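Listed below are the residues making up each chain.
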Amino acid sequence: MKSMDSLKATVQTLRGPNGCPWDKAQTIQSLTPYIIEEAYELVDAIKMGGIPHIIEECGDVLLQVILISQIASESGQFSIENVVNCVDQKMIERHPHVFGDAAVESVEDVLIHWENNKEKKEKKKR
């Protein structure tokens, strides 16, 4: 089974000196339409329900994230590890009922806690 490291290496090769001219020419900004397109294709695959198609489209969305992260890494902005760490921390913070001492009994309770935490964070940012 291939790993994230294998995909990262493939993208690095595509953007490297002997890589693909199209991939090497991309910027974060130039990928915007592809990100949107791939997200819509994933939604369509989910609606249609074919697991192989959903897997393929999830991969296409993941590729966009890896490609954007590689481009950013090349200029020292951020890496895929930064992206993974950020979303991991966000999930932990948004689930104090799993990773902390908050108590919830329903989906509604989770949503209330999520909104309260989101409001607190937005106040801190201001």
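Residues numbered from 1 in each chain as written. Predicted model: local features only at pLDDT ≥ 70, side-chain atom pairs only at ≥ 80, totals over all residues. Heavy atoms only, no water.

**Description of the overall build of the chain**
This is how it is decided: Helix and strand assignments follow DSSP, with helices taken as H or I runs no shorter than four residues and strands as E runs no shorter than two, numbered in order from the N terminus. Throughout, the radius of gyration refers to the C-alpha atoms, and the reference size of a globule is 2.2 Å times the residue count to the power 0.38. Each residue is assigned to one of three classes by its accessible area relative to the maximum for its type, calculated with a 1.4 Å probe on protein chains only: buried under 20%, partly exposed between the two thresholds, exposed over 50%.
A tally of regular secondary structure across the chain gives 7 helices and 0 strands. Listed N to C, the secondary structure of the chain is α-α-α-α-α-α-α in terms of helices and strands. Relative to the compact-globule value of 14 Å for 126 residues, the chain shows a C-alpha radius of gyration of 18 Å, a clear excess of over 25%. Counting every position in the chain, which comprises 126 residues, the buried fraction comes to 19%.

**Notes on the pattern of salt bridges**
Selection rule: Only one rule defines a salt bridge in this text: a Lys or Arg side-chain nitrogen within 4 Å of an Asp or Glu carboxyl oxygen.
Under the counting rule described, the total for this entry stands at 3 salt bridges. Here Glu81 ties to Lys8 by a salt bridge, and the two come within 2.4 Å at their closest N and O atoms. Taken together, the residues span a long stretch of sequence, with Glu81 in helix α5 (residues 80-94) and Lys8 in helix α1 (residues 4-15) at a distance of 73 residues. In the salt-bridge network here, residues are joined through shared partners; they are Asp5, Lys8 and Glu81.

**Looking at α1**
Here is the rule we go by: An expected span of 1.5 Å times one less than the residue number is assigned to each helix. When we speak of the arc, we mean the arc of directions from the helix axis to the C-beta atoms. In what follows, residue pairs with any heavy atoms lying within 4.5 Å of each other are defined as contacts. Polar contact is defined as a pair of N or O atoms within 3.5 Å, subject to the rule that within protein one atom must be able to donate a hydrogen and the other to accept it, and that residues adjacent in sequence are counted only when both atoms are side-chain atoms.
When the terminal C-alpha atoms of α1 are compared, their 17 Å separation across 12 residues agrees well with the 16 Å that a helix rising 1.5 Å per residue should span. Buried residues of α1: Lys8, Val11 and Arg15, and no others. Across the axial projection of α1, the buried residues extend over an arc of 65°, all falling on one side. Every exposed residue of α1 that faces more than 90 degrees away from the buried side is listed here: Asp5 and Thr13. Buried-residue contacts for α1 involve α2 (21-25), α4 (51-74) and α5. In this structure Ser3 caps α1, since a side-chain oxygen of it lies 3.2 Å from the backbone nitrogen of Asp5.

**What about a nonpolar patch on the surface?**
Inclusion rule: Residues enter patches when they are more than 30% accessible in relative terms and free of salt bridges; like-charged ones are connected within 9 Å and nonpolar ones (Val, Leu, Ile, Met, Phe, Trp, Tyr) within 5 Å. All accessible areas in this document rest on Shrake-Rupley with a 1.4 Å probe, and a residue is counted as covered only by the protein chains that are shown.
On the surface, a nonpolar cluster with roughly 260 Å² of combined accessible area is contributed by Met4, Leu62, Val65 and Val83. Here Leu62 is to be found in helix α4. Judged by its relative accessible area of 32%, Leu62 falls in the partly exposed class.

**Observations regarding the nonpolar core**
The condition that has to hold: Residues belong to one nonpolar core when they are buried, are Ala, Val, Leu, Ile, Met, Phe, Trp, Tyr or Cys, and are joined through side-chain atoms within 4.5 Å.
Core analysis: the biggest nonpolar cluster contains 7 residues, these being Val11, Leu31, Ile66, Leu67, Ile68, Ile71 and Ile80. The element contributing the most residues to this core is α4, with 4 residues.

**Focus: the state of the cysteines**
Short version of the rule: Throughout, disulfides are identified as pairs of cysteine sulfur atoms within 2.5 Å of each other.
Scanning the model with the defined rule gives 0 disulfides in all. Lacking any disulfide linkage, Cys86 is separated from the closest cysteine sulfur, that of Cys58, by 20 Å. On the basis of relative accessibility, which here comes to 48%, the residue Cys86 falls in the partly exposed class.

Interpretation note: all reported values are geometric properties and have no functional meaning in isolation.
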